[in-house]
Amino acid sequence: VQLVESGGGSVQAGDSLRLSCAVSGLLSSSYVVGWLRQAPGAEREFVAGIRWIGGRTLYTDSVKGRFTISRDNAKNTVYLQMNSLKPEDTAIYYCAANGVILTTTPGDYDYWGQGTQVTVSS
C-alpha cells in the first residue's frame, strides 16, 4: 500500500493550497482515506476524511467551511482543497487510509504517507 502526498508549500494567511494523495495497492473498495496533520509540539490530529465508495465526508470543526476533501476515482487520488488558510493550519499534513471506518482517531488509520509541509505565515 502506498500513499504519496504532494502540494504542500509556504503561503500567506488567506491563501489557498490543494494537497493531493495518490493511492495505490489498497485491496478493499470500502476503504477510507483521511488527511491528518501534526503541528510542532502537538499531537497528530484528524482534519478530514472520505469514504471511497459513496463519498461520505467528515471534517474536524476547525476546518469546516474552509477545507474540502474530494476524490477522483479514475486517478485513485484524494484531494484536500484548503482555502482561507490561517497560521494555525501550519503543520505536516499526512494522507492515511484504513479499510473499515470513517474515523477521527489517528490510531485507526493503518497506512500512512510520508507527509507534506504546509506553512502559513501571517
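Here the structure is a predicted model, which is why all the values come from computation and not from measurement. (Residues numbered from 1 in each chain as written. Predicted model: local features only at pLDDT ≥ 70, side-chain atom pairs only at ≥ 80, totals over all residues. Heavy atoms only, no water.)

### Things to note about the overall build of the protein chain
So, step 1. Looking only at helices and strands, the protein chain features zero helices and eleven strands.
So, step 2. Relative to the globule expectation of 14 Å for 122 residues, the C-alpha radius of gyration of the protein chain, 13 Å, shows essentially globular dimensions.
So, step 3. Seen along its three principal axes, the alpha-carbon backbone of the protein chain occupies a region of about 40 × 30 × 25 Å.
So, step 4. Residues counted as buried form 41% of the 122 residues belonging to the protein chain.
So, step 5. Considering only contacts within the protein chain whose residues lie at least 6 apart along the sequence, 56% involve residues at least 24 apart.
So, step 6. For the protein chain, the exposed surface amounts to about 5900 Å²; the carbon and sulfur share of it is 47%. (Helix = DSSP H or I, 4+ residues; strand = E, 2+ residues; numbered from the N terminus. Rg over C-alpha atoms; globule rule 2.2 N^0.38 Å. Buried < 20%, exposed > 50% of the residue type's maximum accessible area, 1.4 Å probe, protein only. Contact = heavy atoms within 4.5 Å. Areas by Shrake-Rupley, 256 points an atom, 1.4 Å probe, with all protein chains shown as cover.)

### Some points on the packing of aromatic side chains
So, step 1. Counting across every chain of the model gives three aromatic pairs.
So, step 2. Judged by centre distance (6.0 Å) and plane angle (80°), the rings of Tyr94 and Trp112 are edge-to-face. Of this pair, Tyr94 sits in strand β9 (residues 91-98) while Trp112 is found in strand β10 (residues 111-112), placing the two residues 18 residues apart along the sequence.
So, step 3. Ring pairing ties together the aromatic residues Tyr94, Tyr109 and Trp112, which thus form one cluster.
So, step 4. The lysine or arginine in question, Arg44, covers the ring of Tyr94, its NZ or CZ lying 4.0 Å from the ring centre.
So, step 5. Over the ring of Trp112 we find Arg44; its NZ or CZ atom is 4.7 Å from the centre of that ring. (Phe/Tyr/Trp six-rings, centres within 6.5 Å; stacked < 30°, edge-to-face > 60°. Lys NZ or Arg CZ within 6 Å of the ring centre and 35° of its normal.)

### Points about the pattern of salt bridges
So, step 1. One pass over the full model with this rule turns up four salt bridges.
So, step 2. Note that Asp89 and Arg37 form a salt bridge whose closest N and O atoms lie 3.0 Å from each other. Placement of the pair is Asp89 in the loop between β8 (77-82) and β9 and Arg37 in strand β4 (residues 32-38), with a sequence separation of 52 residues. An identical accessibility class is assigned to Asp89 and Arg37; each is buried.
So, step 3. Asp61 is the partner of Lys64 in a salt bridge, and the nearest nitrogen-oxygen pair spans 3.0 Å.
So, step 4. Judged by relative accessible area, Asp61 falls into the exposed class, the value being 61%. (Salt bridge = Lys/Arg side-chain N within 4 Å of Asp/Glu carboxyl O.)

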